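# Observations on the three-dimensional arrangement
Here's the letter readout for the chains.
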Amino acid sequence: MASELKDLSRLAVHTFTNKPWSLAECIEHYQAAGIPAMSVWRNVVWEEEGGVGIDEATRLVAASELDVVAYVRGGFFPAPDQAGRDEAIDLNRLWIEQALALGAEQMVLVTGAVPGLPLEDQRQMVADGTAALLSLCEPEGLKLSIEPLHPMYAAERSCVNTMSQARAICEQLDHPLVGVACDVYHVWWDDRLEQEIALAAQQERLFAFHICDWRSPTRDFLTDRTLMGEGCIDLRQIRGWVEAAGFGGYNEVEIFSEEYWAADQEEYLEKIVRAYLDVS
Ligand code: ZN
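Residues numbered from 1 in each chain as written. Predicted model: local features only at pLDDT ≥ 70, side-chain atom pairs only at ≥ 80, totals over all residues. Heavy atoms only, no water.

## A few points about the sheet that holds strand β4 (residues 106-110)
Spatially, β1-β2-β3-β4-β5-β6-β7-β10 is the arrangement adopted by the 8 strands of the closed barrel, whose pairing is parallel. Averaged over all pairs of adjacent strands, the angle between strand axes in this sheet comes to 30 degrees, irrespective of strand direction. Where strand β7 (residues 206-211) meets strand β10 (residues 251-253), 3 bridges bridge the pair, whose relative direction is parallel. Among the inter-strand pairings, Phe209 is bridged to a residue of β10, identified as Asn251. (Pairing = 2+ DSSP bridges. Helix = DSSP H or I, 4+ residues; strand = E, 2+ residues; numbered from the N terminus. Axes fitted to C-alpha atoms, helices over the stretch in contact; angles between N-to-C directions.)

## Points about the packing of helix α2 (residues 54-63) against helix α3 (residues 82-102)
Taken N-terminus to C-terminus, the directions of α2 and α3 make an angle of 30 degrees; their axes are 9 Å apart at the nearest point. With respect to α3, the element α2 is oriented roughly parallel. Crossing handedness for the pair α2 and α3: right-handed. Side by side, α2 and α3 meet where Ile54, Ala57, Thr58 and Val61 of the first sit next to Gln98, Ala101 and Leu102 of the second. Residues belonging to the contact of α2 with α3 are distributed by class as follows: 5 nonpolar, 2 polar and no charged. (Parallel < 35°, antiparallel > 145°, perpendicular 65-115°, else oblique. Left-handed = near helix turned anticlockwise from the far one by under 90°. Contact = heavy atoms within 4.5 Å. Nonpolar A, V, L, I, M, F, W, Y, C, P; charged D, E, K, R; others polar.)

## Structural notes on the state of the cysteines
Applying the stated criterion to the full structure yields 0 disulfides. In this structure Cys212 is a free cysteine whose sulfur lies 10 Å from that of Cys232, the closest cysteine sulfur available. Residue class for Cys212 comes out buried when judged on its relative accessible area of 0%. Given the relative accessible area of 39%, Cys232 is considered partly exposed. (Disulfide = S-S within 2.5 Å. Buried < 20%, exposed > 50% of the residue type's maximum accessible area, 1.4 Å probe, protein only.)

## Here we look at empty space enclosed by the protein
For the coordinates displayed, the defined rule picks out 1 cavity of 30 Å³ or more. Approximately 100 Å³ is the volume found for the largest cavity. Considering the residues around the largest cavity, the lining is formed by 14 residues, among which Arg73, Leu149, His186, Arg225 and Phe256 are closest to the centre. Every element with two or more residues in the lining of the largest cavity is listed here: β3 (67-75) and β4. For the lining of the largest cavity, the residue count by class is 8 nonpolar, 1 polar and 5 charged. (1 Å grid on protein atoms, 1.4 Å probe; cavity = no way out; pocket = protein on both sides within 12 Å on 5 of 7 lines; lining within 4 Å. Points joined across faces, edges and corners; volume = space filled by probe spheres on them.)

## Structural notes on the nonpolar core
Grouped together as the largest cluster of nonpolar side chains are 81 residues, with contacts concentrated most on Leu23, Tyr30, Met38, Val40, Tyr71 and Leu206. With 6 residues, helix α10 (residues 265-279) is the largest single contributor of residues to this core. When sequence neighbours within four positions are dropped, the list of residues in contact with Leu23 reads Thr15, Met38, Val40, Val44, Ala57, Leu60 and Val61. Residues Ala70, Val108, Phe256 and Trp261 belong to the second largest nonpolar core, which totals 7 residues. (Core = buried A, V, L, I, M, F, W, Y, C linked by side-chain atoms within 4.5 Å.)

Shown next as structure tokens:
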């Protein structure tokens, strides 16, 4: 049984949930709503993706009262040749520097995928790429959280599709800074989810818990997630498993939704807070 969420002390929001907002706007509105933490997406930071630049982002975050749970996202390791894989690792080094500057506790890794390469080989590229980053993470203890993505993304976005595949990479690397991010959108269907959550936690590898809901029928397989309680995921059951396993981190709201991005973001944030307290 999941605990009652009586207050917002364990709520974090991913900035991409409020995609129309800049980093400064996210910070302002999250603080005003009494939300204690956020996960910061690259697009509001990295100038190359339209962000304010790492210096300004660092200043904004440092001046705020918000915890930065995660910098989202690194990864995308698989490539057909060594030059491509090296390039991916170099990019990740840059993102790790940004994560460290922001004071993030972890960086989420979306593993990446290349159509046509054997998935097993690609998962080894993920392990190798992750291993190559650890020396940069060690001094500050920055965690790397491998996030399995739903199997519908296996061709182009993520060669890691289950908690057990993510955990296998963690076991191979056997490093205290490598763990798993459990996102209900991606893993809710897995008949081994309860055991996998328990195992990951037992191995001290359950680093993050992301929540949203699966809208049914779904209209887009990337940008049609919905608010907790509006879809078919039994969130309380999964949160109950996560809590029973001893996870004490934030419940991170991560919703990509064209429908909600088009709505008034302040009203939407109020809905998020209400849904978090009532149905998450
Ligand atoms: Zn996620």
